[in-house]
Amino acid sequence: MKAHHWPGEGRITFSAKGSSSLPDCASLLAKISAWQAEDLPRRVTFDGGLREVGFGELPAYPCGGTHVARLSDIGQVTITQVKMKKGR
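Residues numbered from 1 in each chain as written. Predicted model: local features only at pLDDT ≥ 70, side-chain atom pairs only at ≥ 80, totals over all residues. Heavy atoms only, no water.

A. Representation of the side chain of Q36 within the structure. By the secondary structure assignment, Q36 is in helix α1 (residues 25-38). Residues within four places of Q36 in sequence aside, it is in contact with L71, S72, I74, G75 and V77. (Helix = DSSP H or I, 4+ residues; strand = E, 2+ residues; numbered from the N terminus. Contact = heavy atoms within 4.5 Å.)

Spelled out as structure tokens, the structure:
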């Protein structure tokens, strides 16, 4: 996984596992809204010298950037595109 985000824009790239298919935008937005409604708190851990950031019990990923304290702080999320390119 790799990602970047700043006010007004964000991009996340995932590697597909096996014969994964593209999720639809409505399903992704429903999942994001559910996590925001749970108001999951930011969780910072350190593993092998890497700083990892996650929310609630969701998986954490290495990141050195800044993050909201809780998922509800993000506000409205808009997904403009979902695509598959080279297995990502």
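B. Structural detail: the pairing of strand β1 (residues 2-6). In this structure, β1 lies alongside strand β2 (residues 9-13), joined through 5 bridges in antiparallel fashion. Residue pairing for β2: K2 is matched across the bridge by T13. (Pairing = 2+ DSSP bridges.)

C. Inspection of a nonpolar patch on the surface at higher detail. A cluster of nonpolar side chains, I12, F14 and Y61, forms an exposed patch at the surface whose accessible area comes to about 310 Å². Structurally, the position occupied by Y61 is in strand β5 (residues 61-62). (Patch = residues over 30% accessible without salt bridge, like charges linked within 9 Å, V, L, I, M, F, W, Y side chains within 5 Å. Areas by Shrake-Rupley, 256 points an atom, 1.4 Å probe, with all protein chains shown as cover. Salt bridge = Lys/Arg side-chain N within 4 Å of Asp/Glu carboxyl O.)

D. Summary view of the pattern of salt bridges. Applying the stated criterion to the full structure yields 1 salt bridge. With its nearest N and O atoms 2.9 Å apart, the salt bridge here joins R70 to D39. Here D39 lies in the loop between α1 and β3 (42-47) and R70 lies in the segment after β5, a separation of 31 residues in the sequence. Its relative accessible area of 33% is what places R70 among the partly exposed residues. We classify D39 as partly exposed; its relative accessible area is 24%. (Buried < 20%, exposed > 50% of the residue type's maximum accessible area, 1.4 Å probe, protein only.)

E. Examining α1 more closely. Here α1 spans 20 Å end to end across 14 residues, near enough to the 20 Å set by a 1.5 Å rise per residue. Of the residues flanking the start of α1, the one acting as N-cap is D24, its side-chain oxygen 3.2 Å from the backbone nitrogen of A26. Of the residues flanking the end of α1, it is D39, one or two places downstream, whose phi is positive at about 55 degrees. (Expected span 1.5 Å × (residues − 1). Polar contact = N/O pair within 3.5 Å; in protein donor to acceptor, adjacent residues only side chain to side chain.)

F. View of the sheet that holds β3. Taken together, the 3 strands give an open sheet; going across it, the order is β3-β4-β5, and neighbouring strands pair in antiparallel fashion. Two strands bound the open sheet, and with one partner strand each, they are β3 and β5. As paired elements, strand β4 (residues 50-55) and β5 share 2 bridges and run antiparallel to each other. Its bridge partner lying in β5, V53 is registered against Y61.

All quantities given are derived from atomic positions and should not be read as evidence of function.
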